[in-house]
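What follows is the residue order along each chain.
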Amino acid sequence: MEERQRLNRLRWRCTRRAMLEMDLLLGEFLDRVFPTLAPAQADAFVALADMEDLELWPLVNGSRECVDPVQAEVLALLRTVRVK
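All figures in this text were calculated on a predicted structure; none of them were measured in a lab. (Residues numbered from 1 in each chain as written. Predicted model: local features only at pLDDT ≥ 70, side-chain atom pairs only at ≥ 80, totals over all residues. Heavy atoms only, no water.)

Student: Tell me about a nonpolar patch on the surface, and please be specific about residues and values.
Tutor: Residues Leu20, Leu24 and Val83 make up a contiguous nonpolar surface patch of roughly 260 Å² in combined accessible area. Along the chain, Leu20 falls in helix α2 (residues 20-32). Under the relative-accessibility criterion, Leu20 is labelled exposed at 56%. (Patch = residues over 30% accessible without salt bridge, like charges linked within 9 Å, V, L, I, M, F, W, Y side chains within 5 Å. Areas by Shrake-Rupley, 256 points an atom, 1.4 Å probe, with all protein chains shown as cover. Salt bridge = Lys/Arg side-chain N within 4 Å of Asp/Glu carboxyl O. Helix = DSSP H or I, 4+ residues; strand = E, 2+ residues; numbered from the N terminus. Buried < 20%, exposed > 50% of the residue type's maximum accessible area, 1.4 Å probe, protein only.)

Shown next as structure tokens:
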């Protein structure tokens, strides 16, 4: 699959969530931080974006600890994003 098409599919998954907060946060992260991620971090973000909101939200807000170290790095970056 072409890289642009994969990015478009990822954008769809990030901005068509059940929770508006997740739409805004993941969309902003995708625009501002995702292009700067290392390949392993980018893969970790894709895995996080594939999670259901009820699974992902506790990881994002820190009420549940992430066991995957690379995903934990990405979550730390995600927490620094300020939505406009």
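So, next bit.
Student: Hey, could you go over α2 for me, with residue numbers and the actual values?
Tutor: Between its first and last C-alpha atoms α2 spans 18 Å; for 13 residues at 1.5 Å apiece the expected length is 18 Å, and the two agree. Of all the residues in α2, the buried ones are Met22, Asp23, Leu25, Leu26, Gly27, Glu28, Phe29 and Leu30. Looking at the packing, one finds that the buried side of α2 touches α1 (3-15), α3 (39-49), α4 (53-61) and α5 (69-79). (Expected span 1.5 Å × (residues − 1). Contact = heavy atoms within 4.5 Å.)

Student: I'd like a description of the packing of α1 against α3, backed by residues and values.
Tutor: Put simply, α1 and α3 touch, their axes get as near as 10 Å, and they point 45 degrees apart. By the angle between their axes, α1 is oblique relative to α3. Considering only the axes of α1 and α3, their crossing is left-handed. Contacts between α1 and α3 involve Leu10, Arg13 and Cys14 from the first element and Phe45, Val46 and Ala49 from the second. (Axes fitted to C-alpha atoms, helices over the stretch in contact; angles between N-to-C directions. Parallel < 35°, antiparallel > 145°, perpendicular 65-115°, else oblique. Left-handed = near helix turned anticlockwise from the far one by under 90°.)

Student: Which residues make up the environment of Glu3, and what values go with them?
Tutor: In this structure, Glu3 sits in helix α1. When the C-alpha positions of Glu3 and Leu54 are compared, they lie 29 Å apart, and in sequence the two are 51 residues distant.

Student: Run through the layout of surface pockets, naming residues and quoting values.
Tutor: Here the largest pocket defines a volume of roughly 240 Å³. Lining the largest pocket are 12 residues, and of these Glu3, Arg6, Leu10, Phe34 and Val46 sit closest to its centre. At the level of secondary structure, the elements contributing two or more residues to the lining of the largest pocket comprise α1 and α3. Per-element accounting of the lining of the largest pocket gives the leading share, six residues, to α1. (1 Å grid on protein atoms, 1.4 Å probe; cavity = no way out; pocket = protein on both sides within 12 Å on 5 of 7 lines; lining within 4 Å. Points joined across faces, edges and corners; volume = space filled by probe spheres on them.)

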